[in-house]
Amino acid sequence: MSTVQVDTPGGSYPIHIAAGRLDSLAQSIPADATAIALVTNPTVYGHYGERATKALAQTGKRVLRIELPDGEAHKDWPTLNLVFDALLQNRLDRKAVIVALGGGVVGDMGGFAAACYMRGIRFVQVPTTLLAQVDSSVGGKTGINHPLGKNMIGAFYQPISVEIDTDVLATLPAREIAAGLAEVIKYGLIIDAEFFAWCEQHVEALRALDPQAITYAIQRSCELKAYVVSQDERESGLRAILNFGHTFGHAIEAGLGYGQWLHGEAVGCGMVQAAELSALTLGLPPASVARVRALTAAIGCPIQPPDLGTPRWIELMQVDKKTEGGQLRFVLLPEIGQARFEAAPLEALRRVLDQAAVA
Ligand code: NAD
């Protein structure tokens, strides 16, 4: 088993990564816990619910199952309330622990429920998608969507541990693997050029979920994310670099309608666009842009952005949280492995966006 330590002002905790980790979940529950609420969805519960429940029951504590409807469309207030209803109806107290078993949607909602219930109870993240294992379960961002904006209601709230079982990826659809790999290569692009090169060399092994390769990729991604959030838990500076590709990606998701492209697919394509913008503004060499494009395609993400029309692209990007005073700011790369967060000239942005209409 490998362990990555996360240290933030809001909490320090381990990330445990191992094949079969699901069977050891009892180890993540503190001795003084009065009960366990297993927050999940029917899809994940169908695959792994019984194993997780059996493992948690080894603590001798009561395990309450709370199943939420599957999907981003349910990452909302009425669904969150189902968690509070169940916790209150079953009289769980302040020493109860929430275990969030699922992808990023379950993790974000389980974490936010833990942040709010009785002003905060402990929770464990058990991420079951690759995206959740390398990204959303680490760093303490929790929350739900509002009809007027994605992830607009939430809290920074750290789990007491993250338990990653690499075996559960076997049941994940190929598109979800590609979407998770986009976030993996993102870490290389923004902070670790060697890791990016390693991903280039191991892309086939990663897509095939080769145990050694995927375990290393998850571990390195968690280390890099842990490093960034330990420097800047609340995104007042460095943490913003984790949004590389996301300003374009969010525009794709919103422009096409949520659910058309997976979040990670949109981010993958957005990284290619952000690399093109980096070439125009910071002089990222054309050969590096070609490497970003080639690896994004090789992991199975689309690299041709949808033709939303340049004015619509700009409009969509302006509602992104990364605008300040109306000026568009981007995470840009002077070279692979380094990132800066800065405003880009509109002319350069238009040139990148115009290409979306050309293909
Ligand atoms: P998801 O949670 O919707 O999971 C994708 C699908 O896979 C779902 O249908 C789910 O039920 C299913 N699934 C999960 N594990 C499975 C498994 N092992 N086998 C088979 N099917 C499985 O999507 P996601 O990509 O994991 O997460 C996306 C969410 O994460 C978004 O809401 C996004 O806003 C959020 N997010 C949060 C952060 C953060 O820092 N908190 C970061 C990135 C993304």
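I will try to describe carefully the structure that is included in this document. As the structure is a prediction and not an experimental result, all values here were calculated from the model.

### Remarks on the environment of Ala26
Okay, step 1: Tracing the chain through its elements places Ala26 in the loop between strand S2 (11–18) and strand S3 (35–40).
Okay, step 2: Of the residues examined, Ala26 reaches a relative accessible area of 19% and is grouped as buried.
Okay, step 3: If we skip the residues at most four places from it in the chain, Ala26 touches Ala55, Gln58 and Thr59.

### A few points about the site of the ligand
Okay, step 1: In the neighbourhood of the ligand, 25 residues make up the surrounding shell, with Glu72, Gly104, Thr128, Thr129 and Thr171 lying closest.
Okay, step 2: One of the backbone N or O atoms of Lys141 is found 2.9 Å from a nitrogen atom in the ligand.
Okay, step 3: A distance of 3.1 Å separates an oxygen atom of the ligand from a polar atom in the side chain of Lys150.
Okay, step 4: Considering the ligand on its own, with 870 Å² of exposed area, one finds that the protein chains cover 87% of that surface.
Okay, step 5: Mapped onto the shell around the ligand, the elements with two or more residues apiece are helix H1 (42–57), helix H3 (104–116), helix H4 (130–136) and strand S8 (149–156).
Okay, step 6: If you tally residues by element for the shell around the ligand, the top one is H1, at four residues.

### Here's the deal with unusual backbone geometry
Note on backbone geometry: most residues besides glycine have negative phi, and most peptide bonds are trans.
Okay, step 1: The backbone of Arg91 sits at a positive phi, close to 55 degrees, despite the residue not being glycine.
Okay, step 2: In this structure, Arg91 sits in the loop between helix H2 (77–89) and strand S5 (97–102).
Okay, step 3: Among the residues examined, Arg91 registers a relative accessible area of 74% and is labelled exposed.
Okay, step 4: For Glu235, which is not a glycine, the phi torsion comes out positive at approximately 55 degrees.

### Remarks on the pattern of salt bridges
Okay, step 1: In this structure the tally under the stated criterion is 18 salt bridges.
Okay, step 2: Across the pair Lys186 and Glu183 runs a salt bridge, and its minimum N-O distance is 2.9 Å. Here Glu183 and Lys186 lie together in helix H5 (residues 174–191), a separation of three residues that amounts to about one turn. Per residue, the accessibility class of Lys186 equals that of Glu183, and both read buried.
Okay, step 3: A single network of salt bridges, built from pairs that share partners, joins Asp23, Arg51 and Asp165.

Rules and cut-offs
- Residues numbered from 1 in each chain as written.
- Predicted model: local features only at pLDDT ≥ 70, side-chain atom pairs only at ≥ 80, totals over all residues.
- Heavy atoms only, no water.
- Helix = DSSP H or I, 4+ residues; strand = E, 2+ residues; numbered from the N terminus.
- Buried < 20%, exposed > 50% of the residue type's maximum accessible area, 1.4 Å probe, protein only.
- Contact = heavy atoms within 4.5 Å.
- Near = heavy atom within 4 Å.
- Polar contact = N/O pair within 3.5 Å; in protein donor to acceptor, adjacent residues only side chain to side chain.
- Areas by Shrake-Rupley, 256 points an atom, 1.4 Å probe, with all protein chains shown as cover.
- Salt bridge = Lys/Arg side-chain N within 4 Å of Asp/Glu carboxyl O.

By themselves, these are just geometric observations and shouldn't be taken as functional.
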